[in-house]
Structures are given as structure tokens and as C-alpha cells.
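Each chain is listed here by its residues.
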Amino acid sequence: MMISTLRFIKQNGLLARGGNTSADETLTEIWEKLNDSVFAGQAFVINAENDTVFFEHIRLEETKSELFYIVTVPN
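Rules used in this analysis
- Each chain has its residues counted from 1, following the order in which its sequence is written.
- For this predicted model, a pLDDT threshold of at least 70 governs which residues receive local features, and a threshold of 80 or more governs which side-chain atom pairs are given and counted, while totals over whole chains, interfaces and linings are taken from all residues.
- As a convention, hydrogens and water are excluded, and side-chain values are obtained from all of the structure's heavy atoms.
- In this text, helices come from DSSP runs of H or I with a minimum length of four residues, and strands from runs of E with a minimum of two, each type numbered from the N-terminal end.
- For every residue, the accessible area obtained with a 1.4 Å probe (protein chains only) is divided by the maximum for its type, and the residue is called buried under 20%, exposed over 50%, and partly exposed between those limits.
- Per-residue and other accessible areas follow the Shrake-Rupley method at a 1.4 Å probe size, with only the shown protein chains counted as cover for residues.
- What we call a nonpolar core is a set of buried Ala, Val, Leu, Ile, Met, Phe, Trp, Tyr and Cys residues that are connected through their side-chain atoms within 4.5 Å.
- By definition, two strands form a pair when at least two bridges between them are found by DSSP.

Participant: Looking at this structure, I do not really get the overall build of the chain. What am I missing?
Facilitator: Across its full length, the chain holds 1 helix and 5 strands. Reading the chain from its N end, one meets helices and strands in the order α-β-β-β-β-β. Within the chain, the proportion of its 75 residues that are buried is 25%. Accessible area for the chain stands at about 5600 Å²; split by element, carbon and sulfur atoms hold 50% of it.

Below, the structure is given as C-alpha cells:
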């Protein structure tokens, strides 16, 4: 049985809030469901001095059974 990639991701809880922490920095991703085929999120890295050193907007879109990962960075 074939299911859409985005449905598989949703059913298996692969989108939510997550991240990774090391001694030097913390990576965080936050996702929000916009509709049945689009998720939007933000990813950012905060260093040990509590400064944001990286930030991006992310969209995960399914169109005609193809999955697109779209990233936009400020400036």
C-alpha cells in the first residue's frame, strides 16, 4: 500500500519540536501544520553566550506526491 510521504511523516510523529544540544550550541526546530500538505517551521542555533548565530524559515510541502523542503534565510 502506497501512502504519501507527508502522511507518513505526520503519522510517525516526525514533525514537532526538536533539536540537538552540544557544549557549544543548541539547535532547535519548531514545526507547525498549515494544512494537509504544508508544514512551516523555524530552525535556529543559539551559542553558549546565548546569541542566535543561525536562523532560517522552513517549509515542507507536498505537491503531486513530491516532497519539497524549502528554506529561506533572512537577508
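Participant: Mind showing me how you'd approach the nonpolar core here?
Facilitator: General note: in soluble globular proteins, nonpolar side chains tend to be found buried as a group. Counting residues in each nonpolar core, the largest one holds 5 residues, listed as W31, F39, A43, I58 and L60. Put simply, the parts of the chain that give this core at least two residues each are β3 (38–47) and β4 (52–63).

Participant: Whenever I open this one, the pairing of β3 confuses me. Can you help?
Facilitator: As a general feature of sheets, a regular strand has side chains that alternate between the two faces. A large share of β3 lies buried, amounting to 8 of its 10 residues. Bridge count between strand β2 (residues 25–35) and β3: 10 bridges; the pairing is antiparallel. Among the inter-strand pairings, E32 is bridged to a residue of β3, identified as A40. The antiparallel hairpin formed by β2 and β3 contains 2 residues in its connecting segment. Examined bridge by bridge, β3 and β4 share 9 bridges and lie antiparallel to one another. Considered in β4, the bridge of V38 is made with E61. Turn length for the β3-β4 hairpin, with the two strands adjacent in sequence and antiparallel, is 4 residues, and the turn residue N50 shows positive phi of about 70°.

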